[in-house]
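Read off the chains here:
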Amino acid sequence: VIAALVDAAGAHVVPGAHTAAAMIHFLAPGRIGPVRAQATVLAVRDDGTVVRVEVRDHGADDRLMALAVTTLR
């Protein structure tokens, strides 16, 4: 589920692109919810756009659940 959320957040900031590669670090489980993802564009390169995605559990003191870096093309 977290990977799907990372994919959707990346596609939201780079419309029309799809995830070509992703490195996801799972840091903590979700406890309460809602779970939200925030994506930030780090770089635009010839081979794609690099995006950082933070997944947080807002009901559990904004706990960082996962951190991902994806390349979208």
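Residues numbered from 1 in each chain as written. Predicted model: local features only at pLDDT ≥ 70, side-chain atom pairs only at ≥ 80, totals over all residues. Heavy atoms only, no water.

**Points about the overall build of the protein chain**
Step number 1: Within the protein chain, the secondary structure is distributed over one helix and four strands.
Step number 2: Scaling as 2.2 N^0.38, a compact globule of 73 residues should have a C-alpha radius of gyration of about 11 Å, and the protein chain matches this with 12 Å.
Step number 3: When its C-alpha atoms are laid out on the principal axes, the protein chain stretches across 40 × 20 × 20 Å.
Step number 4: A total of 73 residues make up the protein chain; the buried ones form 30% of that total.
Step number 5: Relative to all contacts within the protein chain whose residues are 6 or more apart in sequence, the contacts with residues 24 or more apart total 57%.
Step number 6: Carbon and sulfur atoms form 55% of the exposed surface of the protein chain, whose accessible area is close to 4500 Å². (Helix = DSSP H or I, 4+ residues; strand = E, 2+ residues; numbered from the N terminus. Rg over C-alpha atoms; globule rule 2.2 N^0.38 Å. Buried < 20%, exposed > 50% of the residue type's maximum accessible area, 1.4 Å probe, protein only. Contact = heavy atoms within 4.5 Å. Areas by Shrake-Rupley, 256 points an atom, 1.4 Å probe, with all protein chains shown as cover.)

**Some points on the environment of His 25**
Step number 1: For His 25, the location among the structural elements is in strand 1 (residues 19-26).
Step number 2: Here the alpha-carbon distance between His 25 and Ala 3, two residues 22 residues apart in the chain, equals 10 Å.
Step number 3: Once residues within four sequence positions are removed from consideration, His 25 is found in contact with Met 65, Ala 66 and Leu 67.

**Remarks on the pairing of strand 3 (residues 48-57)**
Step number 1: Summarising burial for strand 3: eight of the ten residues are buried, a large majority.
Step number 2: In terms of strand pairing, strand 2 (residues 35-45) meets strand 3 through ten bridges, oriented antiparallel. Following the sheet pairing, Ala 37 is matched in strand 3 by Val 55.
Step number 3: The turn linking strand 2 back onto strand 3 is made up of two residues.
Step number 4: Bridge analysis of strand 3 against strand 4 (residues 63-72) gives nine bridges, and the strand direction is antiparallel. Among the inter-strand pairings, Thr 49 is bridged to a residue of strand 4, identified as Leu 72. (Pairing = 2+ DSSP bridges.)

**Describing the nonpolar core**
Step number 1: Of all hydrophobic cores here, the largest spans 13 residues; its most connected members are Ile 2, Val 6, Val 51, Val 53 and Val 55.
Step number 2: For this core, the elements supplying multiple residues, two or more each, are helix 1 (2-13), strand 3 and strand 4.
Step number 3: Per-element tally for this core: the top contributor is strand 4, with four residues.
Step number 4: Not counting chain neighbours up to four residues away, the residues in contact with Val 6 comprise Ile 24, Val 53, Val 55, Ala 68 and Thr 70. (Core = buried A, V, L, I, M, F, W, Y, C linked by side-chain atoms within 4.5 Å.)

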